[in-house]
Amino acid sequence: MKRKPANTSRRLAQQLKTPKRGMAMVIVMVLLAVMTLLAANMSGRIQQQIGLALHQQEYQALPWLTVAAESQALRLLRDSVGLESTVNLSQAWAQEDLHFALPQGRVSLALSDLQACFNLNALHEAQISLAGQTSGSSPNTGEGGGENTEPENGEPGHSEPENPATANPTPESAAQNGTPLVVRQLLALLKSQDVPEYRAELLADNLWEFIDVDSVVQTAQGREDGEYLARDLPFYPPNSLLTDVSEIRPVQGMDAALYQRVAPVLCAIPEKNLRINVNTLGEDKAPLLEAVFTPYVSRMQAEQILRERPQQGWESVAAFLQTPALADVDSAVKQRLKTLLTVSSDYFRLSVRIEMNGVRRDSEAVIGRSASDRQGFYVLWHQQGDLE
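Residues numbered from 1 in each chain as written. Predicted model: local features only at pLDDT ≥ 70, side-chain atom pairs only at ≥ 80, totals over all residues. Heavy atoms only, no water.

Visitor: Go over the sheet that holds strand β1 (residues 98-102), please, and point to the residues and values.
Guide: The 5 strands are arranged β1-β2-β7-β8-β9 in an open sheet whose pairing can be described as antiparallel. In this open sheet, the two edge strands, each paired with only one partner strand, are β1 and β9 (377-384). Going from strand to strand, the sheet's axes swing by 20° on average, the running direction of each strand aside. Here strand β8 (residues 359-369) pairs with β9 via 7 bridges, running antiparallel. In the strand pairing of β9, V366 is matched with W381. (Pairing = 2+ DSSP bridges. Helix = DSSP H or I, 4+ residues; strand = E, 2+ residues; numbered from the N terminus. Axes fitted to C-alpha atoms, helices over the stretch in contact; angles between N-to-C directions.)

Laid out in structure tokens, this is it:
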């Protein structure tokens with residue numbers, strides 16, 4: 001028998017060892033790939049956790065920045081308005097670009113006068129009397145809030161004259177005899193916002209019923225508890241002062257489009273009377289001035305009055321009433337409407353926007369003036385986010 005050469009056996013042994021060596025290399029490469037994936041995944045998770053921690057830290061700082069912005073607004077109002085007898089658009093609080101910078105962003109402030117709009121809370125005590133005049137409790141707001149103009153002793157000889165719309169009768173005033181002046185002014189304001197007449201009457205009646213002191217329906221188109229309790233989500237109408245104008249969205253006759261149209265000229269301040277600051281009305285608020293003087297002043301006249309306003313505003317309501325554009329308005333009417341006007345303000349709206357490292361927070365606050373200290377201002381309430 002022939003023997004196999006020795007080198008042949010050596011080659012066979014090498015061939016048997018070679019596959020084992022290749023398999024080990026594959027295993028090592030797979031392990032390296034798995035470890036690399038695990039390390040990359042762990043690194044990504046760590047980076048994500050760091051980002052979340054930083055984001056949380058910034059988010060927790062936002063409320064404190066909001067408080068800082070409110071403090072800045074209070075200081076600004078105290079310094080620019082506190083010692084002044086009037087509030088006007090030439091003062092520092094009315095600047096358009098109020099902000100302070102942060103290392104990672106900025107804080108923007110915007111102050112607006114809440115007495116440069118129609119206070120819906122003036123409807124709260126507006127009532128119809130049998131004589132076709134308004135009745136209520138405060139003689140200081142007889143015209144604006146529809147309240148009693150008779151003195152407490154009830155002597156008819158000392159009662160106030162009729163409201164301006166009936167002092168000089170017009171077809172409009174005759175048709176609306178008995179309707180409180182504040183409701184007629186609201187109706188005129190709604191019409192000035194291109195609201196159809198029927199819709200404006202429906203909305204004015206229901207706003208009055210929504211806010212007035214009782215649950216008795218006293219208008220032709222108004223609704224009280226029954227309407228709102230019959231809805232899919234039933235609720236009682238407040239029949240009290242509103243906190244913010246956004247509360248009128250569920251009022252009968254209101255919809256989203258109409259609300260967006262009329263909300264800019266409406267507001268709600270914790271007062272039961274209507275007091276319009278003629279020094280802070282922009283030309284875009286001419287319809288409000290027109291509504292206050294309805295039907296004696298046209299839109300064009302109202303725009304002219306605001307366009308010709310002194311740079312620092314009028315020093316008094318009496319000075320405003322001497323404006324040449326109001327020369328044709330009867331002096332008795334001016335005297336009656338005088339209580340609805342002012343040249344100062346006690347309530348402001350503050351809008352704050354904080355932008356920091358891609359994070360944004362909006363908030364709004366209402367600021368009031370202290371009754372005991374005219375230089376003192378305080379935050380009545382604030383809320384995160386856009387109320388609209």
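Visitor: With reference to specific residues and values, describe the packing of helix α4 (residues 181-192) against helix α5 (residues 197-211).
Guide: The contact between α4 and α5 brings their axes to 9 Å, and the two run at 140°. Here α5 runs oblique to α4, going by the angle between their axes. Judged by the twist between their axes, the crossing of α4 over α5 is right-handed. Residues V183, L186, L187, L190 and K191 of α4 lie in contact with α5, whose contacting residues are E197, A200, E201, L203, A204, L207 and W208. When grouped by side-chain class, the residues that make up the contact of α4 with α5 number 9 nonpolar, no polar and 3 charged. (Parallel < 35°, antiparallel > 145°, perpendicular 65-115°, else oblique. Left-handed = near helix turned anticlockwise from the far one by under 90°. Contact = heavy atoms within 4.5 Å. Nonpolar A, V, L, I, M, F, W, Y, C, P; charged D, E, K, R; others polar.)

Visitor: Account for the confidence of the model for the chain, with residues named and values stated.
Guide: Scored by pLDDT, the chain comes out at a mean of 82, with 81% of its residues at no less than 70. When pLDDT is averaged over each element of the chain, strand β3 (residues 118-119) comes out on top at 97 and helix α2 (residues 164-167) at the bottom at 40. Contacts from residues 129-175, a stretch scored under 50 in pLDDT, to residues over four places away or in other chains number 86 contacts. (pLDDT = per-residue confidence, 0-100.)

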